Amino acid sequence: MKNKILLAATILLSVFFSSCGDPDVEITSVEYIPKLVVNAYLYPGKPVYGVQIMRNFPLNQSIDTTSLFPSDVQVSINDIPLKYNWMYRFFYHDSIIVQKGMTYTLKASGKIDGKLLTTSGSTTVPDGELKLMQKDMGVFYYGDSVIVKLIPSTNSGFYAFSIIPDTATFENFAFENKYLPNIEQKDLEESFNNFRYQASYILNVQSSTKDTLLHQIKEFNSWFYSSYRVIVYAGDENFKNFVLTSKNVKEFDGNFHEPKLHLVGQGIGVFASALVDTLRFTLIKR
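Note that the structure is predicted; figures quoted are calculated from it, not measured.

Engineer: Which parts of the structure should I look at to understand helix α3 (residues 237-245)?
Structural biologist: For the α-helix, the turn length of 3.6 residues means that residues three or four positions removed from each other point alike. Every buried residue of α3 is accounted for by Asn238, Phe239, Asn241, Phe242, Val243 and Thr245. Structurally, α3 contributes buried residues whose contacts are with β1 (36-42), β8 (115-124), β12 (158-165), β13 (198-202), β15 (226-235) and β17 (267-284).

Put into structure tokens, the structure is as follows:
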């Protein structure tokens, strides 16, 4: 991903469910409500870039990708209108350089099926410095401990790690992974991207701590013999809540809960910010 956590969805559901513990609820009977889908992240020291405004679709119909992007869309950040990249379908502004500790408010409007919808949300960029003790961690045998060391010199309490192999193929897949040792070729083919794109987290870090945090990249987060890029994020509250709740909306008892989304009006999705840095390591066969 381009400094975006890969858990951000391209298309989000427009409705969320509460079925009083009934796991067999008919979700297709829920009323469709048109929504603007926001996908936007801010990183300090970088210009505003890659802000996407899309739309949702009813659950019981095929997705028309030609109408994925609403018409007449207007987007601003702190009341400054953003520019639009027509080729890649995102908004940006190369003169707005994101600053640590500042609050930014996004406002968006657009038409879905002829109806004008609006949404807005705010993010406060984490302050401080994301300090990685080692950015080039070297070469490890597969199964060895890969320990990321960082000093949480920020006011963020949430750290996310996006773990991305440079090469991910059937040929370099680690079939002897001890967490899932009996995987077959057909299982890999059916769920390849689930193995390729991995993420892990550190929660509830006290901003006053001076201790070095140790975070292990385990085998269930590294499924290939490859060099790896690990993007480390110190996220704001919006970032944390979207990462932790957007894909996990079903309770153990069958109830559904709404993800924690920090947008008001007729919008769903994410507008968040984070400090970010990158480290690398390589896994080879023993």
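After that view, the rundown keeps rolling.
Engineer: Even after reading the chapter, I still don't get the side chain of threonine 119, so can you show me in this structure?
Structural biologist: Residue position: threonine 119 is located in strand β8. Judged by relative accessible area, threonine 119 falls into the buried class, the value being 5%. A distance of 2.6 Å separates the side chain of threonine 119 from the backbone oxygen of valine 264, its partner in a polar contact. Apart from the residues lying within four places of it in its own chain, the contact partners of threonine 119 are Leu36, Val38, Leu106, Lys107, Ala108, Leu263, Val264, Gln266 and Gly267.

Engineer: Quick question: what am I supposed to make of the nonpolar core here?
Structural biologist: Within soluble globular proteins, side chains that are nonpolar generally end up buried alongside one another. By size, the foremost hydrophobic cluster in this structure holds 33 residues, and its most contacted members are Tyr159, Phe161, Phe224, Val232, Leu279 and Phe281. Counting only elements with at least two residues in this core, the list comes to β9 (128-132), β10 (136-141), β11 (146-154), β12, α2 (192-196), β14 (213-217), β15 and β17. Tyrosine 159 has contacts with Leu130, Leu150, Pro152, Ser153, Thr154, Ser200, Tyr201, Ile202, Val205, Tyr233 and Ala234, leaving out every residue within four places of it along the chain. Among the nonpolar cores identified, the runner-up in size contains 22 residues, and Val38, Val73, Ile96 and Tyr104 belong to it.

Engineer: When you look at a nonpolar patch on the surface in this model, what are you seeing that I'm missing?
Structural biologist: Residues Val139, Tyr141 and Ile284 make up a contiguous nonpolar surface patch of about 270 Å² in total accessible area. The topology assignment puts isoleucine 284 in strand β17. Owing to a relative accessible area of 34%, isoleucine 284 belongs among the partly exposed residues under this scheme.

What counts as what
Residues numbered from 1 in each chain as written. Predicted model: local features only at pLDDT ≥ 70, side-chain atom pairs only at ≥ 80, totals over all residues. Heavy atoms only, no water. Buried < 20%, exposed > 50% of the residue type's maximum accessible area, 1.4 Å probe, protein only. Helix = DSSP H or I, 4+ residues; strand = E, 2+ residues; numbered from the N terminus. Contact = heavy atoms within 4.5 Å. Polar contact = N/O pair within 3.5 Å; in protein donor to acceptor, adjacent residues only side chain to side chain. Core = buried A, V, L, I, M, F, W, Y, C linked by side-chain atoms within 4.5 Å. Patch = residues over 30% accessible without salt bridge, like charges linked within 9 Å, V, L, I, M, F, W, Y side chains within 5 Å. Areas by Shrake-Rupley, 256 points an atom, 1.4 Å probe, with all protein chains shown as cover. Salt bridge = Lys/Arg side-chain N within 4 Å of Asp/Glu carboxyl O.

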